[in-house]
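# Coordinate analysis (summary)
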Amino acid sequence: MIRPGEEETRRRPTRNGTAVDWLVAENPGPLTLDGTRCYVVGEERVVVVDPGPHTAGQLDALRRLVDGRTVEVICLTHAHLDHAGAASDAARAFGAPVAASPETLSRCSLHGIQLTDGERLPVAEGRDSLVALATPGHSADHTAYLLEGSRALFTGDLVLGTGSSAVLHPDGSVAACLASLSRLRSLRPGTLYPGHGPPVADGTERLALYREHRLARHAQVVAAARSGGRSIAELRRLVYGDLNPELASAADASIRAHLVYMRETGETVPPIEDAASGCHGPVEA
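Predicted, not measured: the structure shown is a model, and the values here were computed from it. (Residues numbered from 1 in each chain as written. Predicted model: local features only at pLDDT ≥ 70, side-chain atom pairs only at ≥ 80, totals over all residues. Heavy atoms only, no water.)

This brings us to the overall build of the chain. Secondary structure assignment for the chain yields eight helices and twelve strands. For 285 residues, the compact-globule formula gives about 19 Å, and the C-alpha radius of gyration of the chain, at 19 Å, lands near that figure. Burial status across the chain gives 53% buried among its 285 residues. The contacts of the chain with a sequence gap of at least 6 include a subset with a gap of at least 24, amounting to 58%. For the chain, the accessible area works out to roughly 11,900 Å², and carbon and sulfur atoms hold 51% of it. Averaging the coordinates of the 28 positive side-chain charges in the chain and doing the same for the 35 negative ones gives two points 4 Å apart. (Helix = DSSP H or I, 4+ residues; strand = E, 2+ residues; numbered from the N terminus. Rg over C-alpha atoms; globule rule 2.2 N^0.38 Å. Buried < 20%, exposed > 50% of the residue type's maximum accessible area, 1.4 Å probe, protein only. Contact = heavy atoms within 4.5 Å. Areas by Shrake-Rupley, 256 points an atom, 1.4 Å probe, with all protein chains shown as cover. Lys, Arg positive; Asp, Glu negative; His and termini not counted. Charge placed at Lys NZ, Arg CZ, Asp CG, Glu CD.)

Written out as structure tokens, the structure is:
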């Protein structure tokens, strides 16, 4: 791991020998953990996955991580600025195109390679490929990347290295999240390289645990709504208890997403007051 200002570059070969290097951006916080993970995949000709935030020192840190190698393409998992904020600067610095889902490119106001689900990008001088996988849930535009030779998986914000990831209503969807987790688990990946937190050695197991956690969280929201919680704030207290105030807005967004999923699965959703919108009644998708 390198942080901006450090000079050491460490390379960690995957099982088939394709190198995966990374740095941790200087943007730690309750939602970003120790900071955004930015990856470089390959040997002499490389792919960057998530160049990170547009912060002082980030581009210089990426240059040190790339270490004079040729950047073929800069891939984005989604449009959130802690992952994609440095995309334009990195594209200019390395003379490389940005590649992402059409929705991510549109949200970032970027021109680039529009990746379709299942599209392959060659890495390691053509000996391996990164496969773009549409994985909505955390956000509607989310893409994960599978390194085929080693089954390593770059999960963005769908799965983190520690803790759980938020499903951010209205952009995120519990139904889509569950489907994406099941899809990735069916691929039986090896190591997960998340957007935040350390790598996860047993990717298949972590994906199963994430799906179980999301279903358990849904059961908690359903129970809280049935027990008489009639506002987003009340539901948050019932589900999360005492919560770091900096996490409250993400928790509220997740609760809204679960209320939508209740309706989608045929559950009766009672009238819920939502102070953020000034609305009463079931939260709409």
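Here the narrative resumes.
Counting through the fold element by element, glutamate 205 comes out in helix H6 (residues 203-226). A relative accessible area of 47% means that glutamate 205 is categorised as partly exposed. Glutamate 205 sits 17 residues away from arginine 188 along the chain, and the two C-alpha atoms are 9.0 Å apart.

Here threonine 143 lies in strand E10 (residues 143-147). Setting aside chain neighbours within four positions, we find threonine 143 in contact with Leu76, Thr77, Ser101, Ala132, Leu133 and Thr135.

What follows is about the sheet that holds strand E11 (residues 152-156). What the five strands build is an open sheet, ordered E8-E9-E10-E11-E12; its pairing is mixed. With one partner strand each, in any of the chains shown, strand E8 (120-123) and strand E12 (192-194) form the two edges of the open sheet. Here the average twist between neighbouring strands, direction ignored, is 25°. Pairing analysis gives four bridges linking E8 to strand E9 (residues 128-134), with the strands arranged antiparallel. In the sheet register, leucine 121 faces E9, and the bridge partner there is leucine 130. (Pairing = 2+ DSSP bridges. Axes fitted to C-alpha atoms, helices over the stretch in contact; angles between N-to-C directions.)

The alternating pattern of E8 places Leu121 and Val123 on a buried face and Arg120 and Pro122 on a face that is not buried. Joining the antiparallel neighbours E8 and E9 is a turn of four residues, in which alanine 124 adopts a positive phi near 55°.

Overall, the coordinates contain five aromatic pairs when judged by the stated rule. Judged by centre distance (6.0 Å) and plane angle (50°), the rings of tryptophan 22 and tyrosine 193 are tilted. Taken together, the residues tryptophan 22 in strand E2 (residues 19-24) and tyrosine 193 in strand E12 connect sequence positions 171 residues apart. A single burial state applies to tryptophan 22 and to tyrosine 193, both of which are buried. (Phe/Tyr/Trp six-rings, centres within 6.5 Å; stacked < 30°, edge-to-face > 60°.)

Close approach of charged atoms allows side chains with opposite charge to pair. Considering all chains together, one arrives at 15 salt bridges under this definition. Where arginine 107 meets aspartate 141, a salt bridge forms, and the shortest distance between an N and an O atom there is 3.4 Å. Taken together, the residues arginine 107 in helix H4 (residues 102-107) and aspartate 141 in the loop between E9 and E10 connect sequence positions 34 residues apart. Residue classification places arginine 107 among the partly exposed positions, given a relative accessible area of 37%. (Salt bridge = Lys/Arg side-chain N within 4 Å of Asp/Glu carboxyl O.)

Interhelical geometry of H6 versus helix H7 (residues 232-240) gives an angle of 125° and a closest axis separation of 9 Å. Here H6 lies oblique to H7, going by the angle between them. Between H6 and H7 the crossing geometry is right-handed. Side by side, H6 and H7 meet where Arg217, Gln220, Val221, Ala224 and Ala225 of the first sit next to Leu235, Leu238, Val239 and Tyr240 of the second. Here the contact of H6 with H7 is built from residues that sort into seven nonpolar, one polar and one charged. (Parallel < 35°, antiparallel > 145°, perpendicular 65-115°, else oblique. Left-handed = near helix turned anticlockwise from the far one by under 90°. Nonpolar A, V, L, I, M, F, W, Y, C, P; charged D, E, K, R; others polar.)

This part is about the packing of helix H5 (residues 174-186) against helix H8 (residues 248-264). Axis separation between H5 and H8 bottoms out at 8 Å; the angle between their running directions is 85°. Judged by the angle between their axes, H5 and H8 are roughly perpendicular. Mapping the contact onto sequence places Val174, Ala175 and Leu178 in H5 and Ala257, His258, Tyr261 and Glu264 in H8. Considering only residue class, the contact of H5 with H8 consists of five nonpolar, one polar and one charged.

On to the pairing of E10, then. Burial analysis of E10 places five of its five residues in the buried class, the great majority of the element. Where E9 meets E10, five bridges bridge the pair, whose relative direction is antiparallel. Residue pairing in the sheet places alanine 132 in a bridge with tyrosine 145 of E10. Examined bridge by bridge, E10 and E11 share three bridges and lie antiparallel to one another. Directly across from tyrosine 145, in E11, lies its bridge partner phenylalanine 154.

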